[in-house]
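The chain contents come next:
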Amino acid sequence: MPYLGSEDVVKELKKALCNPHVQADRLRYRNAIQRVIRHMTQGLDMSGVFMEIVKASATVDIVQKKLVYLYMCTYAPLKPDLALLAINTLCKDCSDPNPMVRGLALRSMCSLRMPGVQEYIQQPILNGLRDKASYVRRVAVLGCAKMYNLHGDSEVDGALVHELYSLLRDQDPIVVVNCLRSLEEILKHEGGVVINKPIAHHLLNRMSKLDQWGQAEVLTFLLRYQPRSEEELFDILNLLDSFLKSSSPGVVIGATKLFLILAKKFPHVQTDVLMRVKGPLLAACSSESRELCFVALCHVRQILHSLPGHFSSHYKKFFCSYWEPHYIKLQKVEVLCELVNDENVQQVLEELRGYCTDVSVDFAQAAIFAIGGIARTYTDQCVQILTELLGLRQEHITTVVVQTFRDLVWLCPQCTEAVCQALPGCEENIQDSEGKQALIWLLGVHGDRISNAPYVLEDFVENVKSETFPAVKMELLTALLRLFLSRPAECQDMLGRLLYYCIEEEKDMAVRDRGLFYYRLLLLGIDEVKRILCSPKSDPSLGLLEDQPERPVNSWASDFNTLAPVYGKARWATIFKHQGTEHCGPKLPHTASLATSGHLISEENKERVQELQDSEALMLVPSCQLTAEYFEKTWLSLEVAHQQVLPWQGEVHPDTLQMALQVVNIQTIAMSRVGAQPWKAYLGAQDGAGCLFLTELLLEPENSKLQISVKQSEKRTEILSSFISVLETVIGTIGDMKS
Amino acid sequence: MIGGLFIYNHKGEVLISRVYRDDIGRNAVDAFRVNVIHARQQVRSPVTNIARTSFFHVKRSNIWLAAVTKQNVNAAMVFEFLYKMCDVMAAYFGKISEENIKNNFVLIYELLDEILDFGYPQNSETGALKTFITQQGIKSQTKEEQSQITSQVTGQIGWRREGIKYRRNELFLDVLESVNLLMSPQGQVLSAHVSGRVVMKSYLSGMPECKFGMNDKIVIEKQGKGTADETSKSWKESVGGGKQSIAIDDCTFHQCVRLSKFDSERSISFIPPDGEFELMRYRTTKDIILPFRVIPLVREVGRTKLEVKVVIKSNFKPSLLAQKIEVRIPTPLNTSGVQVICMKGKAKYKASENAIVWKIKRMAGMKESQISAEIELLPTNDKKKWARPPISMNFEVPFAPSGLKVRYLKVFEPKLNYSDHDVIKWVRYIGRSGIYETRC
């Protein structure tokens, strides 16, 4: 991101670096280089002084050398020809008597990301692998991976791989771990480094010599090893036992995963392991390092999914302190919700009730939802607490309580009576859409037991004109019709008014259609309406399903100690799906990810960026090639899935539009000439799953409106809406640029 | 593996940016700033995913440190690495502040170069790093120093270099504990634990072998079975009838401690790194000595007045002195005025923090002190009831609330001629408050 005025800075620094007086004075010279690095960090383009910096590399001052190499690693890809000039100095440094200089030079040389550098670094790396100083060997081993990364398509050098495998026996622990890392990257396409029995046993014996990073890494590599016999398996478990109690939580969690995976056929061993890590995990959960505490809590939740009683006796450890950060509190509430049992339910509920009045609205609501979750098992106590909360007459509390009630009544019909008694009066404290919907639903379905239900609904009908949320109006229609069936006398009049309003005055199409639908249904006669609308009022079988999901340890063991528990299962699935497609695709991940990462920095529409990221489910394939014939055929065979009108001023510049659409991988099939009236364009796109999006843009200049019609080869509404939001963003951006 | 490391100030300006892997672009720096630092709502999680890139951040005062990766990494490890990095930086230039980072940015780049290579953590022990980091590296190195590096990097023990010499062999042991409490208004302990650390500062010559002993329950039992040896006798004398031994829930050691020996004999033996390091970290939950009890009494007088009375009682030997005592009594948001009377120390109402802060410089054991305050409230339409945050407390006491005692620390150096008696040893206990809250 070049900033204004960076040219002046570059010019001035250039002058300073060339000045022989400065060059003679070490401190001043170094100072000038430091300024270059400082500007580089701040994002200024400093590639202009490359030549001068290369000259500065010929020095005995190690600090200066380090700075110069840092600079070169950053800008070498931009100035490959000039960077070659530095290679000479670097090669010389690679045979310096001082191991530190050798290591530094080799590391920097391998980090120069430019084409053609391989031929120069190959020999120094090979020398480095046999260097007597382990510091240099460490660098050289990772250098192999860097070299391979530079030209990933080339053949894997068998001799080099062999050499790396033999270095696994090096006496320096970091060299050993680096060898594993390096081999893993070089052999990526063949499934990574092979861990056979001798290597596995060698690594196991070296474990205690490694530092925590090495231990964690080796533990993940060992996951790959399949012990031959049961005996060997238990030997390994015994050897690794002490790592379950390591001082580093990362190693503890890593070791736990290894144990769970190795013992996947021995459920009692798995349970035993989880018992043993209870202490260390609890320690991490109450540690002062909040972020670690967060990660540990995520893993505790994962364990609780399979073993609900696992932490029950330690429930007090998960009580929230007032000053803890928000994310920890939310995790703790989730944990509390999962570990209730007959003994602690009273105390846990007591505690959760305290949180419900917390100043943080999010936290309070999370606590109420948690009580709702517990209510599926301990209904009476929870409903009582929730009812008491209604008495506080707080908007943010009431709305969540009512939503909880709605779900509860559906799952546990035995509490219906209590809920119906609690409801009257809470309509005064609900303002948001979700809460209103829940309340209206409850009044509609169980209105026969709530004496003032028709009057509450009548209030809503009175104010329907000023109601902003269409979803509330829809809910109101359904609820009123249901109530009409059980209490016709009180509801007939207002149902008529509501239907009239919805059909005659409502502007939202969905609401209007729903109104028309019910009107026509009523014309068929009351019996028919009853048959269709009086569905079961609850479904307790669902509740049973919710309560006892079968989740054996093995179902998540492979996700343990990855990002999956940290992000949560659903979110992780979307992220991971994309990473999967990126890896499968042949080496063009950059074009695909540009679509989103390109938007990241456009500050002016941050909001839209947010939307784009949320709708990550959509990923358009860049190489989609639709022929005009095929397009036409498909277009005619499909129904319009979505139609929308956007404001548009003046003429269209087809080139700009086409370019912009290209960036987000939407292909332009055909377009009218400039100035044609009406102007039309046909666009095509395809997502990773093979779903086609066909779009027609229609511009009628006199209306200054752009009409978009989208057809979809498969009915998938979520991705349709994300596709439309992408399209909107592009068209909106171009529209803004023009006006 | 870590793809890149960024350090920002509170405004989101980049102070340090180091990218290790090709898959992390320059726009990642901006993405984090826009989505996390400049986000209007509070931080939702220390791990953020933006466009399939994971950002792990920690905050130190108002500095953000973020590690970035596209891989599916071990979250705990990344955070541990960030903590380690903070420790290393702190060891070099003290507090992590914007000023310090700007002044030492060359050093930080040097450090980042050594502790991470291609995104993989390398050597991160401060002691061992000292050999590689040369802030005043104008001179080319002497032969001696060169051989030192070689021996250090080829030696078996990664955390200590050879050939260390001191004229005075000295060691300092600090038992640092933080006691955490959550107490109900009725004075019932909801949860309490002590997390402690034994920090050792060693200035010992050669490659000394150390053996550390404490009053851990299991050790005592083990020794009780055998013939009572001298050490346990002398220990009994020193404790003198007090609480005999403590139950440690779990403990973890610095990498230098031989774990196999600990498991078989419960003896803690090790070759210490030079300088300061954390020997052990532990946690206890049983028989904790709670140094203070807070007894709150809140009375609402009508809608516009609150009467608060808080009594604190110190619960330890009268000969000991607690220091830096601070009690923080939260007040409602609509407070208009506060009158405070306290018997000891100074109390002040801080409107900006919505709290009465009561500070006492020193307080001996088995004493009691009291504060009473009248809080006047503005009448509000807000129906929201005041949530009554807990009363929190800070203090420092010169003993270990867990009851842990150091029994001995013996030093053996067979090659050099100094013995255990020649080493000067210092032991210090400091108990601090962690989260020490009493609900009211």
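Residues numbered from 1 in each chain as written. Chains lettered and ligands numbered in written order. Predicted model: local features only at pLDDT ≥ 70, side-chain atom pairs only at ≥ 80, totals over all residues. Heavy atoms only, no water.

### A short note on the overall build of chain A
The number of helices and strands found in chain A is 38 helices and 5 strands. Residues classed as buried in chain A amount to 53% of the 739 residues present. Taking the intrachain contacts of chain A between residues at least 6 apart in sequence as the baseline, contacts between residues at least 24 apart amount to 65%. Roughly 33,500 Å² of accessible area belongs to chain A as shown, and the carbon and sulfur atoms make up 53% of that amount. (Helix = DSSP H or I, 4+ residues; strand = E, 2+ residues; numbered from the N terminus. Buried < 20%, exposed > 50% of the residue type's maximum accessible area, 1.4 Å probe, protein only. Contact = heavy atoms within 4.5 Å. Areas by Shrake-Rupley, 256 points an atom, 1.4 Å probe, with all protein chains shown as cover.)

### Focus: the sheet that holds strand S11 (residues 250-253) of chain B
Hydrogen bonding along the main chain pairs the strands of a sheet, whether they run parallel or antiparallel. All names here are of chain B. Ordered by their spatial adjacency, 9 strands build an open sheet running S11-S13-S9-S8-S23-S21-S16-S19-S18, and the pairing between neighbours is mixed. Of all strands in the sheet, those bounded by a partner on one side alone are S11 and strand S18 (346-350). Neighbouring strand axes in the sheet, compared pairwise and without regard to direction, differ in orientation by 15° on average. Inspection of the sheet shows strand S8 (residues 170-183) paired to strand S23 (residues 424-438) by 13 bridges, in the parallel sense. Bridging from a neighbouring strand, Leu-176 pairs with Ile-430 of S23. (Pairing = 2+ DSSP bridges. Axes fitted to C-alpha atoms, helices over the stretch in contact; angles between N-to-C directions.)

### Some points on the sheet that holds strand S17 (residues 335-342) of chain B
Residue and element names in this part refer to chain B. Strands sit in the order S14-S15-S20-S17 across an open sheet of 4 strands; the sheet is antiparallel. Of all the strands in the sheet, the pair left with one neighbour each is strand S14 (292-301) and S17. Sheet twist, expressed as the average angle between the axes of neighbouring strands with direction ignored, equals 15°. With 10 bridges connecting them, S14 and strand S15 (residues 305-314) associate as antiparallel partners. Pairing of Leu-297 across the sheet is with Lys-309, part of S15.

### Section: the interface of chain B and chain A
The figure often quoted for interface size is the accessible area lost as the parts come together. Contact residues are listed per partner, giving 99 residues for chain B and 108 residues for chain A. Counting each side, the surface lost to burial between chain B and chain A is near 8,900 Å², with a carbon and sulfur contribution of 54%. Linking chain B to chain A there are 7 salt bridges. Where Arg-21 of chain B meets Glu-185 of chain A, a salt bridge forms, and the shortest distance between an N and an O atom there is 2.8 Å. Our count for the chain B to chain A interface comes out at 23 residue pairs in polar contact (both at pLDDT 80 or more). Considering each element in turn, the side of chain B that touches chain A owes the most residues, 8 residues, to helix H2 (residues 75-93) of chain B. A breakdown of the residues in the side of chain B that touches chain A according to their chemical character gives 42 nonpolar, 32 polar and 25 charged. (Buried area = accessible area lost by both parts, 1.4 Å probe. Salt bridge = Lys/Arg side-chain N within 4 Å of Asp/Glu carboxyl O. Polar contact = N/O pair within 3.5 Å; in protein donor to acceptor, adjacent residues only side chain to side chain. Nonpolar A, V, L, I, M, F, W, Y, C, P; charged D, E, K, R; others polar.)

### With respect to helix H20 (residues 361-375) of chain A
All names here are of chain A. With 15 residues, H20 ought to run about 21 Å at 1.5 Å a step, and its terminal C-alpha atoms sit 21 Å apart, in line with that. For H20, the complete set of buried residues consists of Phe-363, Ala-364, Ala-367, Ile-368, Ala-370, Ile-371, Gly-372, Ile-374 and Ala-375. In this structure, the buried side of H20 is in contact with helix H18 (326-338), helix H19 (345-356), helix H21 (379-390) and helix H22 (395-411). (Expected span 1.5 Å × (residues − 1).)

### Some thoughts on the confidence of the model for chain B
All names here are of chain B. Per-residue confidence for chain B averages 82 on the pLDDT scale, and 87% of its residues sit at or above 70. Per-residue pLDDT, averaged within each element of chain B, yields its smallest value for helix H8 (residues 230-239) (37) and its largest for strand S5 (residues 63-69) (94). When the criterion is pLDDT under 50, residues 136-155 qualifies, and its contacts beyond four places in sequence or with other chains add up to 36 contacts. Taken over the whole predicted complex, pTM reads 0.67, whereas the ipTM for its chain interfaces reads 0.73. (pLDDT = per-residue confidence, 0-100.)

### Thoughts on the packing of aromatic side chains
All names here are of chain B. Here the structure, examined in full by the defined rule, presents 29 aromatic pairs over all chains. Measuring from ring centre to ring centre gives 6.2 Å for Phe-32 and Trp-64, while their planes differ by 75°; the resulting arrangement is edge-to-face. Here the residue Phe-32 occupies a position in helix H1 (residues 27-37), and Trp-64 occupies one in strand S5, the gap between them amounting to 32 residues. When its relative accessible area of 0% is taken as the criterion, Phe-32 is described as buried. On the basis of relative accessible area, Trp-64 is assigned to the buried category, the value being 6%. (Phe/Tyr/Trp six-rings, centres within 6.5 Å; stacked < 30°, edge-to-face > 60°.)

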